[in-house]
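Structural characterization, general
What follows is each chain in one-letter form.
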Amino acid sequence: MADPILATRNLSKTYFGRVNTPVLHDISIKVARGNFTALIGPSGSGKSTLLNCLGLLDPPTSGEIEIDGQAIQTQNVNELAAFRNRNIGFIFQFHYLLPEFSALENVLLPAWISGGKPSADARREALRIMERIGMAGFRDKAIYELSGGQQQRIAIARALVTRPKLIFADEPTGNLDRESGDAVLDIMAELNRESDITLVMVTHDREVALRADHIFELVDGHICKSINLAKTGKDAATEALEDRSCSFEE
């Protein structure tokens, strides 16, 4: 693969407690720059845990993560937070917007975190993104005045405002009806195609996964399938996902 922006080598994750719980086992993947990559699998397969490790929210127990050519070594909490804020955006199933802030103020939160009061450039960028996703007219609205689909659009704008290299999305349409969910997915796909931002999305929905450039299927914490849709085509990818056998494909 030419120019991967994200790579893991033998990444594993175990949660330790009264009973140790292994969740991820020797995950070695590469994500191409600018691609839309889907992580799919049954409930409990480790999708969200893998996303949290890739997004540097949860440290792996062992293995390596490399982002944009930089090996992510053990760093203190502040260093990791600064790296995430510069390079990574997150979109979750629950949008985690602040109800006491307006829509625009919520979009500008990453800029506040990184450097205090947002600059005029940051404000212009926030308004540009809100215009792009059809939310500029709601800039001064309180969050509770927006529909679920509109709130998720604001969450997308917030993830994009610092122009990150990577966007990680965990079931971003899970709480939306089909029409609103499709509209949000269309926006995310358009933004992915129009920019250099790489999108990695967890989903349980195979139809959503088939929109991606590449699909990794997880089963019991292992990579079960690796499907490049440009090579296989949608019909072959659909057939591969319906096949319950498990094999790693390059």
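Everything numeric in this text was worked out from a predicted model, so none of it was measured. (Residues numbered from 1 in each chain as written. Predicted model: local features only at pLDDT ≥ 70, side-chain atom pairs only at ≥ 80, totals over all residues. Heavy atoms only, no water.)

**Points about the environment of Ala 157**
The following threshold applies: The way it works is that DSSP assigns letters per residue, a run of H or I at least four long becomes a helix, a run of E at least two long becomes a strand, and they are numbered from the N terminus. For every residue, the accessible area obtained with a 1.4 Å probe (protein chains only) is divided by the maximum for its type, and the residue is called buried under 20%, exposed over 50%, and partly exposed between those limits. Note on contacts: a residue pair qualifies if any of its non-hydrogen atoms lie within 4.5 Å across the two residues.
By the element assignment, Ala 157 lies in helix H6 (residues 148-160). Judged by relative accessible area, which is 0%, Ala 157 ranks as buried. Along the primary structure Ala 157 and Val 200 are separated by 43 residues, whereas in three dimensions their C-alpha atoms are 16 Å apart. Not counting chain neighbours up to four residues away, the residues in contact with Ala 157 comprise Val 107, Ile 129, Met 130 and Ile 133.

**Some words on the sheet that holds strand E11 (residues 222-228)**
Heads up, the rule is: Should DSSP find at least two bridges between two strands, the strands are regarded as paired. Simply put, an axis is a line fit to the C-alpha atoms, just over the touching stretch for a helix, and the angle between two N-to-C directions goes from 0 to 180 degrees.
The mixed open sheet is built from six strands, whose spatial order is E7-E8-E9-E4-E10-E11. Every other strand in the sheet has two partners, leaving strand E7 (88-92) and E11 as the edge strands with one partner each. Each neighbouring strand pair of the sheet contributes to a mean axis angle of 15 degrees, computed without reference to strand direction. As paired elements, E7 and strand E8 (residues 166-170) share five bridges and run parallel to each other. Bridge assignment links Phe 90 to a residue of E8, and that residue is Phe 168. Sheet contacts for helix H2 (residues 77-87): E7 and E8; angle to E7, the most-contacted strand, approximately 80 degrees.

**A short note on the confidence of the model for the chain**
Just so we agree on the cut-off: Per-residue confidence from the predictor is reported as pLDDT, which spans 0 to 100.
Per-chain confidence: the chain averages 87 in pLDDT, with 96% of residues scoring 70 or above. For the chain, per-element mean pLDDT is lowest for helix H4 (residues 109-115), which scores 78, and highest for strand E1 (residues 4-15), which scores 95.

**So, the pattern of salt bridges**
Opposite charge on two side chains lets them pair, provided their charged atoms get close. Here is the rule we go by: What counts as a salt bridge is simple: a side-chain nitrogen of Lys or Arg found within 4 Å of a carboxyl oxygen of Asp or Glu.
All chains considered together, the criterion is met by 14 salt bridges. Notably, a salt bridge pairs Glu 66 with Arg 9, separated by 3.5 Å at the nearest N-O pair. Of this pair, Glu 66 sits in strand E5 (residues 62-67) while Arg 9 is found in strand E1, placing the two residues 57 residues apart along the sequence. Through salt bridges with shared partners, a single network forms among Arg 9, Glu 64 and Glu 66.

**Quick look at the packing of aromatic side chains**
The condition is simple: Pairs were defined over the aromatic rings of Phe, Tyr and Trp, the Trp ring being its six-membered one, requiring ring centres within 6.5 Å. Orientation was assigned from the angle between planes: stacked under 30 degrees, edge-to-face over 60, tilted for the rest.
Under the counting rule described, the total for this entry stands at three aromatic pairs. Measuring from ring centre to ring centre gives 5.8 Å for Phe 90 and Phe 92, while their planes differ by 5 degrees; the resulting arrangement is stacked. A relative accessible area of 24% places Phe 92 in the partly exposed class. Here the aromatic residues Phe 90, Phe 92, Tyr 96 and Phe 168 are joined through ring pairs into a cluster of three or more.

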